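# Structure at a glance
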Amino acid sequence: MKYGYARVSTLDQNIEPQIKALTDYGCDIIRQEKISGTSLEGREELNTLLEFLRSGDELVVTKIDRLARSLKDLENIVFDLQEKKVDLSIVETRINTSSAGGKAFLSMLGVFAEFENNLRAERQADGIAMAKANGVYKGRKPTIDDELRQKIIDDVDNGMKKTEIASNYDIGRATAYRVIKEGVLSLSLIHISEP
């Protein structure tokens, strides 16, 4: 069977052209999701599909970067597919891993996909640095203010658990941990500076 996988990075991107291309290619089932492709984490539809595929099946994507943006992720996916005797086809480049040439070309495309992703990250970092230099970029707004920060530190002092604090104030656990760590660090600096 042919299984299609379509992915866009953001909710406002149009996934329909991919769905049409996969349908035209003859995919029997198409799984889709709107999530970043920089990692395999959190990509439930892809992971479900990869677990479900069986020997003789074919996984179809429109472009290589719809499947993976890093060479490591791509190699892991291709390896797992080969172990299961599942072919991978990329519609736009007409690559199919059932041939040695297709496998080699796929590896080269993976290198270019990772290179493009790295270039995008560099351009973003350069843009942020330029905006900071011009006084335009202020960074992300803080998720918590000084009043909430103090409440969190007080709750820790009263023995409340970090996950409970995060839940009570509707913040992420990482944010709660960071605030607590900063609070402990500032307290230790006060004690060090005291005579």
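Cut-offs applied
- Position numbers for residues count from 1 along each chain, tracking the sequence in the order it is written.
- Since the coordinates come from a predicted model, pLDDT governs what is reported: local features require at least 70, and pairs of side-chain atoms require 80 or more to be given and counted, while whole-chain, interface and lining totals use all residues.
- Note: side-chain values were computed over all heavy atoms of the structure, leaving out hydrogens and water.
- Secondary structure elements follow DSSP: runs of H or I no shorter than four residues count as helices, runs of E no shorter than two count as strands, and numbering proceeds from the N terminus.
- Only protein chains enter the area calculation, which uses a 1.4 Å probe; residues under 20% of their type maximum are buried, those over 50% are exposed, and those in between are partly exposed.
- Residues count as neighbours in contact if any of their non-hydrogen atoms are within 4.5 Å of one another.
- Working definition of accessibility: Shrake-Rupley area with a 1.4 Å probe, residue cover restricted to the visible protein chains.
- Each residue gets a pLDDT score, which is the predictor's confidence in that residue and runs from 0 to 100.
- Whether two strands pair depends on DSSP finding at least two bridges between them.
- Angles shown run from 0 to 180 degrees and are taken between the N-to-C directions of axes, each axis being a line fitted to C-alpha atoms and, for helices, limited to the stretch in contact.
- Charge convention: Lys and Arg are scored as positive, Asp and Glu as negative, and His as well as the terminal groups of each chain are ignored.
- A side-chain nitrogen of Lys or Arg and a carboxyl oxygen of Asp or Glu constitute a salt bridge if their distance falls within 4 Å.
- Identification of polar contacts relies on pairs of N or O atoms within 3.5 Å, with a donor-acceptor requirement for protein atoms, meaning one able to donate a hydrogen and the other able to accept it, and with residues adjacent in sequence counted only if both atoms are side-chain atoms.
- Handedness of a crossover is defined as follows: orient the strands so they point away from the viewer, and if the path from the first strand over the helix to the second runs clockwise, the crossover is right-handed.

### What about the overall build of the protein chain?
Helix and strand counts for the protein chain come out as eight helices and five strands. Overall, the protein chain shows an N-to-C arrangement of helices and strands of β-α-β-α-β-α-α-β-β-α-α-α-α. For the protein chain, buried positions account for 33% of its 195 residues. A separation threshold of at least 6 residues defines the contact pool for the protein chain, and within that pool the share at least 24 residues apart is 60%. Total accessible area on the protein chain stands at roughly 12,600 Å², and carbon and sulfur atoms take up 54% of it.

### Some remarks on the confidence of the model for the protein chain
For the protein chain, the mean per-residue pLDDT works out to 82, and 89% of the residues sit at or above 70. For residues 185-195, every residue scores under 50 in pLDDT, and the model assigns this stretch zero contacts once sequence neighbours within four places are set aside.

### Section: the sheet that holds strand β1 (residues 2-8)
Pairing in this open sheet of five strands is mixed, and the strands run β2-β1-β3-β4-β5 from one edge to the other. Every other strand in the sheet has two partners, leaving β2 (29-34) and β5 (95-96) as the edge strands with one partner each. Note: β1 against β2, six bridges, orientation parallel. The residue of β2 that forms the bridge with arginine 7 is glutamate 33. Of the strands in this sheet, β1, β2, β3 (58-61) and β4 (87-90) touch helix α1 (residues 16-25), which is tilted by about 170° from β1.

### Examining the environment of glutamate 44
Mapped onto the elements of the fold, glutamate 44 is located in helix α2 (residues 44-52). Accessibility expressed as a relative area gives 53% for glutamate 44, which makes it exposed. For the pair glutamate 44 and arginine 31, spaced 13 residues apart in sequence, the C-alpha to C-alpha distance is 9.9 Å.

### Points about the side chain of arginine 7
For arginine 7, the location among the structural elements is in strand β1. One buried charged side chain, arginine 7, makes no salt bridge at all; its nearest oppositely charged neighbour is aspartate 65, positioned 5.4 Å away. Here the side chain of arginine 7 touches serine 9 through a polar contact of 3.2 Å, side chain to side chain. Not counting residues up to four positions away in its chain, the partners in contact with arginine 7 are Ile15, Gln18, Glu33, Ile35, Ser36, Gly37, Arg43, Asp65, Arg66 and Arg69.

### Digging into the pairing of β1
Counting buried positions over the seven residues of β1 gives six, a clear majority of the element. Pairing between β1 and β3: three bridges, direction parallel. Pairing of lysine 2 across the sheet is with glutamate 58, part of β3. Remark: the β1/α1/β2 crossover connection has right-handed handedness.

### Let's talk about the side chain of aspartate 57
As for its placement among the helices and strands, aspartate 57 is situated in the loop between α2 and β3. A distance of 3.2 Å separates a polar side-chain atom of aspartate 57 from the backbone nitrogen of methionine 1. A distance of 2.8 Å separates a polar atom in the side chain of aspartate 57 from the backbone nitrogen of arginine 54.

### Section: the pattern of salt bridges
Scanning the entire structure with this criterion turns up four salt bridges. One salt bridge in this structure joins glutamate 45 and arginine 31, with 2.5 Å as the shortest N-O distance. Of this pair, glutamate 45 sits in helix α2 while arginine 31 sits in strand β2, and the two are 14 residues apart along the sequence. We classify glutamate 45 as partly exposed; its relative accessible area is 24%.

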